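Given next are the chains, with one letter for each unit.
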Amino acid sequence: MITVTINGKKITLEKQVTVLEAARSAGIKIPTLCHHETLEAFGGCRLCLVEIEKIPKLQTSCTIYITDGMVVHSETERVVNARKAMLEFLLINHPLDCPYCDKAGECDLQDLAAKYGPTTGRFAEGKRTHPESYDDPVIVRNMERCISCTRCVRMCDKVQGASAISMVNRTSKTFVEPFSGKRYDCEYCGNCLSVCPVGAIMSRMYKHKYRPWYIDKNINTICSYCGVGCSVTAQVKGDSLVRVVPEMGKGLNKGLLCVRGRFGYDYVNSSARLKTPLIRRNGELQQVTWSEAFKYAADRLRDIKERYGSEAIAGIAGGRCANEDIYIFQKFIRGVLGSNNIDSIANFSYAPAQRFFERIFGQGVTANSIQGISNSDGIFVVGGDPTSINPILGLQIRAAYQQGIPVITVGDTPGLKRFATCMLKPNPFTETALLVSLLSELKVKKQFLGGNSSFERLINNISALSMKEVEDICGLPTDNIASAVNMLSNMTNPSIVIGKDILQRTDGHINLLLLSAIMYLINGRVYLLSEFPNEQGLVDMGCLPDMLPGGRPIEIESFKKRYEEIVGLNISSTHGLSLSGIIENAYTGKIKAIQIIGENVLSNIPDSNYVGKAFSNLELLIVQDSLMTETAGLAHVVLPSLSWLERKGSYTNLERRMQFMGKAVEGDGLEDWRIISEISKMLSFDMGYKGLEDILSEIARVSPLHKDITYNDISGDECIWPYKGEPLRHGVSLEGMDVPDIGSLLKKPAKDRVYAVFDKELFHPDSLSRKSAAISSISPEPCSRVNRALADRLSVSEGDYLNISTDAGSIEMAVKIDEDIPENVVMIPNNFEGKGIFNIMQWKLNPVLKCPVLDGNEVKLKKAEARS
């Protein structure tokens, strides 16, 4: 134990910390400007100076560590005079424009000047001038206010890992500048805004629109973009959203955000927002009242059920719906309409991957803390770039690398280019051969004999593939493969981060088997990247054709009977159609009606033309959404739902952590659960819910996994699987897990052909972000990435347009040169209406996982005509 005395107060601490930390732990405030809790100590501003007995000079409390018996004084006359002097120096060039500055009221310098600062300035020289920069669409820089604390630079370099800004020039001419010059060329996380203590770097989204004293309420909620579930605070004046900001040190993100969480919230005010119900009449969607819309939807559903039977009806839910909405939706489709044809986009990647791993390792195998990544002794990334899909999780990997933890990546991971110890970039669609080779070499390295369990015997039966063979197939040097094997073999507690690219392959199920085997050999824990905020909730709440809430199989009579007794409805024990089956049966005319909540299916599923034709064949398409999407444009009934920040509820993130989503403003629509309840009432089943508490109470009774859970539990930080419930225990199930045919893996992709590969873009992960004016100003149009060699063959330069075509259709897209991708690949995003890869991708499914197959899509390329 260490005892230190600060301002006469004795403080006892278990470990050695800085004087500043010791003081703050005891509630003693020492002023700082350059110090920030997320950054390394810097000691540049000199405002945290303290007097320490037996040390003649004043010391910076943020850099000096306590010792037992140390006596510290932080407010002596000598210390206060030193702070006054430092503030006087800072104010020589800092403009006195507080009434005009957007930082007024929350400016650290303003507060310190009021407490310690001199009443007058003694320097007669004029202040430095530097024009305010509006060159960037979302960030404004006023370098006259910059105090050279370097917080923003250190944040960008050491925490975000982007290294996009730097201090330039010297002495009084020193200021912050992006390396790209005028406009930022970075990831636009905006974390530099959070740490700037003055008004030097600000958001243009609320410039001259915000003051702290304007805010009527601060609502804590969860970001609505990806599966990490970052904590944010919505600041509201009246019933208008002013801004969304993080709170430093809070939540999984600890105050950090990505571009989508920082700037993408303005989609709630988009002109594409739905405000009134719509019914299609004479081929056009026309405004109607809520009662008309409810009656029309109920009458049509009743008619279709009577004429064709329950099996002709299906439901599709989206990953942005709250748990409560999803639960009510599956109850409505299953119990009121009598159909188990209910699924979601989660069953195209996230759910089958989780189900696969749970069959081998048991339920809850993916319930791992994101913070645990930095505590592992190695990281293996395959199937996607975490810094684009789940950016805050990606920061954990970058931080781990900076701590010396080995990071191995497979495939295209540009966000980890400077943070990977070993990058393996095999030829397109040859990852399976690489995984077989890694497993083969690991079995030798680990001296794996196996045979004690059915899974070990299965691992033993997987034939070997030499590194030399893989070098020929994958185009990877044997030295690189050997290096990866050595790193993997030395890991004892690694994190395996898996994206959906690795399973949306012809051999996707084999890839999961190989990853399971590698995970078993190196004792890894798995993280499934999740593109939507509540994909896990879709699984847990029973939005699957074969599972009830809590992960209970629907065909087991005891689970089915318990469900029926609690909800008061009879359900079928027959497995329903998966999402792919729903689309295929709609295309053939067997499915007559589909109800969709919170999902733009037409944009988010490959072969948009095929999906569009399937929906056009329906007698009834009901869409509940907050935005007018491509899918809503095809609907017979459109019901406006409330958006994020307009409703309460809960999300379950990729850790399987439940978090509460707060309501900040009023909206024009209704909650999804309330819309469904009204339609159910018109179908003669009154659900009788008065609010979310009633729904959660029923979930807690229906789902053994969520037994006795309350909103008090969810509002805390530790509502993590298995919550208060009972996970389903079962043994290893290897049914359908076949040993890969090594001969089929020895094929190389034709180098004289060009293949389309799905590009998961940071700024626009799906169709939602294009409704954000801020993010659209950063990335206004999609770009296809090609290698320079391919660009030269096509005679295209960066900025030219490329015509990309397949048998399914064609699109035109601007070209961006990227030397890091293979020569026979064109990377295409899917983020703008009519201009995504899914518009030209054909409908193919993995026969085992039933998810889309995105490999082997050959394209034809030619230079498009010049645009004016």
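A quick note: this is a predicted structure, and the numbers were derived from the prediction, not measured.

Notes on the side chain of Ser641
Then, number 1: Tracing the backbone shows Ser641 in the loop between β26 (637-640) and β27 (649-652).
Then, number 2: Take Ser641: its relative accessible area is 4%, and that puts it in the buried class.
Then, number 3: Excluding residues within four positions of it along the chain, Ser641 makes contact with Arg273, Gln624, Asp625, Ser626, Gly669, Leu670, Asp672 and Ile675.

Some words on the side chain of Asn600
Then, number 1: Residue placement: Asn600 occurs in the loop between β24 (593-597) and α20 (601-604).
Then, number 2: Here the side chain of Asn600 touches Thr631 through a polar contact of 2.7 Å, side chain to side chain.
Then, number 3: Setting aside its immediate chain neighbours within four residues, Asn600 contacts Thr629, Glu630, Thr631, Ser767 and Arg770.

With respect to the pattern of salt bridges
Then, number 1: Applying the stated criterion across every chain yields a total of 43 salt bridges.
Then, number 2: Between Arg83 and Glu75 there is a salt bridge, with its nearest N and O atoms 3.1 Å apart.
Then, number 3: Relative accessible area serves as the criterion here: at 0%, Arg83 is assigned to the buried category.
Then, number 4: Across the salt bridge formed by Arg307 and Asp303, the nearest N and O atoms sit 3.0 Å from each other. Of the two residues, Arg307 and Asp303 both sit in helix α7 (residues 290-308), four residues apart, roughly one turn of that helix.
Then, number 5: Classification of Asp303 by relative accessible area gives partly exposed; the value is 30%.
Then, number 6: In this structure, a network of salt bridges that share partners links the residues Asp102, Glu132, Lys207 and Arg211.

Describing the packing of aromatic side chains
Then, number 1: On inspection of all chains with the given rule, the structure shows 18 aromatic pairs.
Then, number 2: Between Trp290 and Phe294 the ring centres are 5.4 Å apart and the planes differ by 35°, which places this aromatic pair in the tilted class. One end of the pair, Trp290, and the other, Phe294, are both in helix α7, four residues apart, so they sit about a helical turn from each other.
Then, number 3: By relative accessible area, which is 21% here, Trp290 ends up partly exposed.
Then, number 4: Residues Phe356 and Phe357 carry aromatic rings whose centres are separated by 6.4 Å and whose planes lie at 80° to one another, so their mutual orientation is edge-to-face.
Then, number 5: Since its relative accessible area comes to 5%, Phe356 is described here as buried.
Then, number 6: Members of the aromatic cluster, joined through ring pairs, are Phe348, Tyr587, Tyr610 and Trp843.
Then, number 7: If you follow Arg243 out to its NZ or CZ, it ends over the ring of Tyr206, 5.0 Å from the centre.
Then, number 8: Seen from the ring of Tyr308, Lys592 lies directly overhead, with NZ or CZ sitting 5.0 Å from the centre.

Some points on the sheet that holds strand β19 (residues 422-424)
Then, number 1: If you trace the five strands from one edge of the open sheet to the other, you get β19-β18-β17-β20-β21, paired in parallel fashion. At either margin of the open sheet sits one strand with a lone partner, and together these are β19 and β21 (525-528). For this sheet the average axis-to-axis angle between neighbouring strands, irrespective of direction, equals 15°.
Then, number 2: Note that strand β17 (residues 379-382) and strand β20 (residues 495-498) share four bridges and pair parallel. Looking at β20, one finds that Phe380 is bridged to Ile496.
Then, number 3: Relative to β21, helix α9 (residues 350-361) is tilted by about 165°, and along the sheet it contacts β20 and β21.

Some points on the packing of helix α8 (residues 323-336) against helix α23 (residues 692-702)
Then, number 1: Contact geometry for α8 and α23: axes closest at 10 Å, N-to-C directions at 65°. Classified by the interaxial angle, the pair formed by α8 and α23 is roughly perpendicular. The two elements α8 and α23 cross, and the hand of that crossing is left-handed. Each of Glu324, Tyr327, Ile328 and Lys331 in α8 lies in contact with α23, whose residues at this interface are Leu692, Ile695, Glu698, Ile699 and Val702.

Quick look at the sheet that holds strand β12 (residues 240-245)
Then, number 1: Spatial strand order, β10-β11-β12: three strands in an open sheet with antiparallel pairing. Each edge of the open sheet carries a strand with a single partner, namely β10 (217-222) and β12. Neighbouring strand axes in the sheet, compared pairwise and without regard to direction, differ in orientation by 30° on average.
Then, number 2: Relative to β12, strand β11 (residues 231-237) runs antiparallel, the two being bridged by five bridges. Bridge pairing links Lys237 to Ser240 in β12.

What about the domain arrangement of the protein?
Then, number 1: Taken domain by domain, the protein comprises domain 1 (2-75), domain 2 (125-269), domain 3 (289-347 + 534-715), domain 4 (377-523) and domain 5 (750-863).
Then, number 2: On a C-alpha basis, the centroid separation for the pair domain 1 and domain 5 is 54 Å.

A word on empty space enclosed by the protein
Then, number 1: Inspection of the entire model under this criterion finds ten cavities of 30 Å³ or more.
Then, number 2: Taken as a whole, the largest cavity encloses approximately 330 Å³ of empty space.
Then, number 3: Contributing to the lining of the largest cavity are 26 residues, with Arg320, Gly598, Asp625, Ser626 and Leu768 lying nearest its centre.
Then, number 4: Classifying every residue of the lining of the largest cavity gives eight nonpolar, eleven polar and seven charged.
Then, number 5: Structurally, the lining of the largest cavity is a two-domain feature, drawing no fewer than three residues from each of domain 3 (289-347 + 534-715) and domain 5 (750-863).
Then, number 6: If you trace the second largest cavity, you find 18 residues lining it, with Phe348, Ser349, Lys500, Gln504 and Glu531 closest to the centre.
Then, number 7: Across the lining of the second largest cavity, the residue classes break down as ten nonpolar, five polar and three charged.

Quick notes on the rules
- Residues numbered from 1 in each chain as written.
- Predicted model: local features only at pLDDT ≥ 70, side-chain atom pairs only at ≥ 80, totals over all residues.
- Heavy atoms only, no water.
- Helix = DSSP H or I, 4+ residues; strand = E, 2+ residues; numbered from the N terminus.
- Buried < 20%, exposed > 50% of the residue type's maximum accessible area, 1.4 Å probe, protein only.
- Contact = heavy atoms within 4.5 Å.
- Polar contact = N/O pair within 3.5 Å; in protein donor to acceptor, adjacent residues only side chain to side chain.
- Salt bridge = Lys/Arg side-chain N within 4 Å of Asp/Glu carboxyl O.
- Phe/Tyr/Trp six-rings, centres within 6.5 Å; stacked < 30°, edge-to-face > 60°.
- Lys NZ or Arg CZ within 6 Å of the ring centre and 35° of its normal.
- Pairing = 2+ DSSP bridges.
- Axes fitted to C-alpha atoms, helices over the stretch in contact; angles between N-to-C directions.
- Parallel < 35°, antiparallel > 145°, perpendicular 65-115°, else oblique.
- Left-handed = near helix turned anticlockwise from the far one by under 90°.
- Domains from an automatic or database assignment.
- 1 Å grid on protein atoms, 1.4 Å probe; cavity = no way out; pocket = protein on both sides within 12 Å on 5 of 7 lines; lining within 4 Å.
- Points joined across faces, edges and corners; volume = space filled by probe spheres on them.
- Nonpolar A, V, L, I, M, F, W, Y, C, P; charged D, E, K, R; others polar.

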